[in-house]
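The primary structure of each chain is shown beneath.
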Amino acid sequence: MVFPVPEAWAERAHMDAAGYEAAWKRVQADPEGFWKEVAGRLDWIKAPTKIKDVSYAKEDFHIRWFEDGVLNVSANCLDRHLPTRADDVAFIWEGDNPAQSRKITYREAHEEVCRMANVLKSRGVAKGDRVTIYLPMIPEAAYAMLACARIGAVHSVVFGGFSPDSLAGRIQDCDSRLVITADEGLRGGKVVPLMRNVAAALEDCPGVDTVLVVSRTGADVPMKAGRDIPYGPERAAAGVDCAPEPMNAEDPLFILYTSGSTGKPKGVLHTTGGYAVWASWTHELVFDYRPGEIYWCTADVGWVTGHSYIVYGPLANAATSVIFEGVPNYPTSSRFWEVIDKHQVEIFYTAPTALRALMREGEAPVQRTSRKSLRLLGSVGEPINPEAWLWYHRVVGEGRCPIVDTWWQTETGACLVSPLPGATALKPGSATKPLPGVYLQLVDAEGKVLDGATSGNLCITDSWPGQMRTVYGDHQRFFDTYFSTYPGKYFTGDGCRRDEDGYYWITGRVDDVINVSGHRMGTAEIESALVGHHDVAEAAVVGFPHDIKGQGIYAYVTLKADVQPTENLRKDLVLWVRQEIGPFAAPDAIQWAPGLPKTRSGKIMRRILRKVAENDLGNLGDTSTLADPAVVDDLVKNRIGR
Ligand code: 6R9
């Protein structure tokens, strides 16, 4: 099934089909000239003359873009729009409670960012310092990011759903001295005890000397004298101007922690010039954005999608960007569509998991709204199944809105593979084609390059400006994780099919990363939480297909010898993981496993565990190399059916 480019889109688009072909030709013929021109979309204090300097080779590994350029990202997102667009709306904030919403102009956003930047400076934050941001979806979250960018501090936003332990680990890893949080958050009518979590986290973070506490609910939360400072009075006393710090293109902009297949989360580090160019260019191309259009990305700023497509990309393009505090099904499952009508949203960008959950409620909650303002729909975070795609297209978009299914990662900074609404015919479930200058390759397990219509592991053979530059504090881990599996290439960790038309279909992770409701998690993290419980001897976690979440979490748990498996213990373990990592990491199924299938060298055979969890029992493969093949029979017999 193919949906051709609507004529009206081809006519208005920044890049139509011919433009896409032409851009590919130019970037191949003259990459330096091409990227120099793309970089020209930003305001540079000193324009770059050195454009690209990259080697993926082990001996000479480095990635540098625009390296002699100087700019400030906050000035690009705010100051440069003031002469002509000061009264345009930068943010529309829609509260969890539908009665609360607010518009913030570029003039106001600039002032708020300057105030917060001045508060940070007055508290001793200097260029290069790390600041941890643990805020709900309120405008202050965007102000905090931009305030850091303004003074050259490196922000690390931690999603408000993370537990005190997870927060503490992230604060320690990047050595933040200052944390910005709120008294409480509000989501789906429930309170999120942010300040309480921070206080608990800081028991293990002696390096933090200052916590700025934004008032969201006004609740009376415990404040430690000398350390915890209400932001309100500081803001009121701060100056409304703060000169943006000139930053080198390769100076760090932010760190964002993400899960990998092994060990603790990695601090993905993005730098200033390349990231800003990539977020802004892709936001304009993929959403065919023009200033004045109302644009809503439903992500949380705690994830990369919120960084690139709520804050940096849209603001660099003088967009009106909606910040939504709530959830799709509160107060009712019409909420998304009501917000679209209320603010006349034209471009709407969300995750397949939300669509699948809303689909389950039927068409009525959608049909009672108008949605006439919508022109373009987007999807991100996980593969979108054709059924959900078609529902999104037919019911939400009433058949008139193209869908951009955007594939990318925290590591890639912003979109790499996506349709362009005026250029690309759509196939439901396919992220379609790479953006100009993104060189995809499929390889087999041995690294052999696969041509034509085929399936394989997705690699990228050359750099793009928005590529991450290092794992904070562990450059070796950066190389080992992404560039050592297939030497000379960036390995994405995703499996992918390419069809006869050269369209790409991402099939999901091929490593031990699972994607649960668009939340990316390492199975190792959940295992280590489980093993931290005093009754657990060993645990292995795998994903299984889940109708709404995309993937669910299936945990095999071996208890200590003297512990009885009970229903209470099962509940206790679910609660334990929620507390250790966050509610989104709670296992969907826990199977008591007297033994785990291991090779004679002691390696857990996850392939078998995955098959059992998927109920693909006819297909367990060779179990003869197991130390004790009998454990498999027990696993199959006691499998949790869902
Ligand atoms: C932006 C973001 C990255 C992983 C990625 C892939 C999956 C994201 C997708 C998609 C299929 C899409 N993913 N977008 N899979 N189609 N359109 O989600 O970043 O949280 O780092 O996750 O998400 O598996 O490798 P991140």
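Since the model is a prediction, treat every value here as computed from it, not as a measurement.

**Section: the overall build of the chain**
Counting its secondary structure elements, the chain contains 21 helices and 31 strands. In terms of overall dimensions, the chain is globule-like: its C-alpha atoms have a radius of gyration of 24 Å, near the 26 Å expected for 642 residues. The burial tally for the chain puts 60% of its 642 residues in the buried class. Sequence-distant contacts, at least 24 apart, represent 72% of the contacts inside the chain between residues at least 6 apart. Charge-centre separation for the chain: the mean point of 68 positive side chains lies 1 Å from the mean point of 81 negative side chains.

**Comments concerning the UniProt feature "binding site: CoA" (unreviewed entry) in the chain**
Per the UniProt record, the feature "binding site: CoA" (unreviewed entry) sits at R187, G188, G189, K190, T305, N329, S517 and R578. Spanning 392 residues, the named residues are also spread out in space, since their farthest C-alpha pair is 23.7 Å apart. Among the structural elements, S517 can be located in the loop between β27 (513–516) and β28 (519–522). With relative accessibility at 26%, the residue S517 sits in the partly exposed group.

**Some details on the confidence of the model for the chain**
Taken over all residues, the pLDDT of the chain has a mean of 96, while the share at 70 or more is 100%. Here the predicted complex scores 0.94 on pTM and 1.00 on ipTM.

**Things to note about the domain arrangement of the chain**
Along its sequence, the chain is organised into domain 1 (1–438) and domain 2 (517–638). Each of domain 1 and domain 2 has a C-alpha centre, and these two points are 34 Å apart. In this assembly, 22 residues from domain 1 lie in contact with 19 residues from domain 2. Both sides of the domain 1 and domain 2 interface together cover about 1500 Å² of buried area, and 47% of this is carbon and sulfur. Where domain 1 touches domain 2, the interface holds one salt bridge.

**Some thoughts on the pattern of salt bridges**
Scanning all chains against the criterion turns up 42 salt bridges. Put simply, D288 and R12 hold a salt bridge, and the shortest N to O gap is 2.8 Å. Linking D288 in the loop between α11 (272–286) and β16 (294–297) with R12 in helix α1 (residues 7–12), this pair joins segments that are 276 residues apart in sequence. Two residues, E112 and R235, come together in a salt bridge whose shortest N-O distance is 2.8 Å. Here the residue E112 occupies a position in helix α6 (residues 106–122), and R235 occupies one in helix α10 (residues 231–237), the gap between them amounting to 123 residues. Exposure remark for R235: the relative accessible area of 27% places this residue in the partly exposed category.

**Some points on the site of the ligand**
Among the 17 residues in the neighbourhood of the ligand, the closest are listed as D405, T406, T410, D494 and R520. Interatomic distance of 2.6 Å between a side-chain N/O atom of T410 and an oxygen atom of the ligand. Among the residues forming the shell around the ligand, the class breakdown is six nonpolar, six polar and five charged.

**A short note on the sheet that holds strand β11 (residues 210–214)**
Strands sit in the order β12-β11-β8-β6-β7-β14-β15-β24 across an open sheet of eight strands; the sheet is mixed. On the outer flanks of this sheet lie β12 (228–230) and β24 (470–471), each paired with one strand and no other. Sheet analysis places strand β7 (residues 154–157) next to strand β14 (residues 252–258), joined by two bridges and oriented parallel. Bridge pairing links H155 to F254 in β14.

**Observations concerning the UniProt feature "binding site: ATP" (unreviewed entry) in the chain**
UniProt's feature table lists "binding site: ATP" (unreviewed entry) at G381, E382, P383, D405, T406, W407, W408, Q409, T410, D494, R509 and R520, given in the numbering used throughout. Inspection of the secondary structure puts G381 in the loop between β19 (376–380) and α16 (386–396). On the basis of relative accessible area, G381 is assigned to the partly exposed category, the value being 37%. The residues touching G381, leaving out its near neighbours within four places in the chain, are N515 and G518. For T406, the location among the structural elements is in strand β20 (residues 403–406). For T406, a relative accessible area of 3% corresponds to the buried category. For T406, the residues in contact, after removing those within four places along its chain, are V286, Y349, S379, V380, C415, V417 and S418. Only 2.6 Å separates the side chain of T406 from the side chain of Y349, close enough to count as a polar contact.

**Concerning the packing of α6 against helix α7 (residues 139–151)**
Contact geometry of α6 with α7 gives a least axis separation of 8 Å together with a crossing angle of 60 degrees. Like other packed secondary-structure pairs, α6 and α7 cross with a definite hand, here right-handed. Listed contacts from α7 to A109, H110, E112, V113, C114, M116, A117, L120 and K121 of α6 are E140, Y143, A144, L146, A147, C148, R150 and I151. Here the contact of α6 with α7 is composed, by residue class, of twelve nonpolar, one polar and four charged.

**So, the pairing of β28**
The side-chain alternation of β28 yields two buried faces, one formed by H519 and M521 and the other by R520 and G522. Inspection of the sheet shows β27 paired to β28 by four bridges, in the antiparallel sense. Residue V516 lies in a different strand from β28, and its bridge partner there is H519. Here β27 hands over to β28 after two residues, with S517 in that stretch at a positive phi of 50 degrees.

**Some words on the side chain of N118**
Of note, N118 is situated in helix α6. Excluding residues within four positions of it along the chain, N118 makes contact with A238, G239, V240, D241 and C242.

**Observations concerning helix α8 (residues 164–174)**
Taken together, the buried positions of α8 are occupied by S166, L167, A168, R170, I171 and C174. Looking at the buried positions of α8, the neighbouring elements they touch are β6 (130–134), β7, β8 (178–182), α9 (194–202), β14 and α19 (567–580). Positive backbone phi, approximately 60 degrees, marks D175, located one or two places after α8.

**Considering the pairing of strand β2 (residues 62–65)**
Two elements, strand β1 (residues 52–55) and β2, share four bridges in a ladder whose sense is antiparallel. Paired with K52 across the two strands is W65, which belongs to β2. Joining the antiparallel neighbours β1 and β2 is a turn of six residues.

**Thoughts on the sheet that holds strand β23 (residues 454–460)**
A sheet is described by the order of its strands in space; here five strands give the open sequence β22-β21-β23-β25-β26, paired in antiparallel fashion. The open sheet terminates on both sides in strands that have one partner only, identified here as β22 (449–450) and β26 (504–509). Examined bridge by bridge, strand β21 (residues 440–443) and β23 share four bridges and lie antiparallel to one another. Along β23, the bridge assignment pairs Q441 with C459.

**Digging into the nonpolar core**
Formed by 161 residues in total, the largest nonpolar core has its most connected members in W35, I180, Y312 and V557. It is α7 that provides the largest number of residues to this core, a total of ten residues. Residue contributions to this core reach at least three from each of two domains, namely domain 1 (1–438) and domain 2 (517–638). Once residues within four sequence positions are removed from consideration, Y312 is found in contact with V73, C77, M145, L146, A149, H155, L253, F254, Y275, A279 and H307. With 30 residues, the next largest nonpolar core counts V345, F348, L355 and L426 among its residues.

What counts and how
- Residues numbered from 1 in each chain as written.
- Predicted model: local features only at pLDDT ≥ 70, side-chain atom pairs only at ≥ 80, totals over all residues.
- Heavy atoms only, no water.
- Helix = DSSP H or I, 4+ residues; strand = E, 2+ residues; numbered from the N terminus.
- Rg over C-alpha atoms; globule rule 2.2 N^0.38 Å.
- Buried < 20%, exposed > 50% of the residue type's maximum accessible area, 1.4 Å probe, protein only.
- Contact = heavy atoms within 4.5 Å.
- Lys, Arg positive; Asp, Glu negative; His and termini not counted.
- Charge placed at Lys NZ, Arg CZ, Asp CG, Glu CD.
- UniProt positions renumbered as here; feature names shortened; annotations may be inferred.
- pLDDT = per-residue confidence, 0-100.
- Domains from an automatic or database assignment.
- Buried area = accessible area lost by both parts, 1.4 Å probe.
- Salt bridge = Lys/Arg side-chain N within 4 Å of Asp/Glu carboxyl O.
- Near = heavy atom within 4 Å.
- Polar contact = N/O pair within 3.5 Å; in protein donor to acceptor, adjacent residues only side chain to side chain.
- Nonpolar A, V, L, I, M, F, W, Y, C, P; charged D, E, K, R; others polar.
- Pairing = 2+ DSSP bridges.
- Axes fitted to C-alpha atoms, helices over the stretch in contact; angles between N-to-C directions.
- Left-handed = near helix turned anticlockwise from the far one by under 90°.
- Core = buried A, V, L, I, M, F, W, Y, C linked by side-chain atoms within 4.5 Å.

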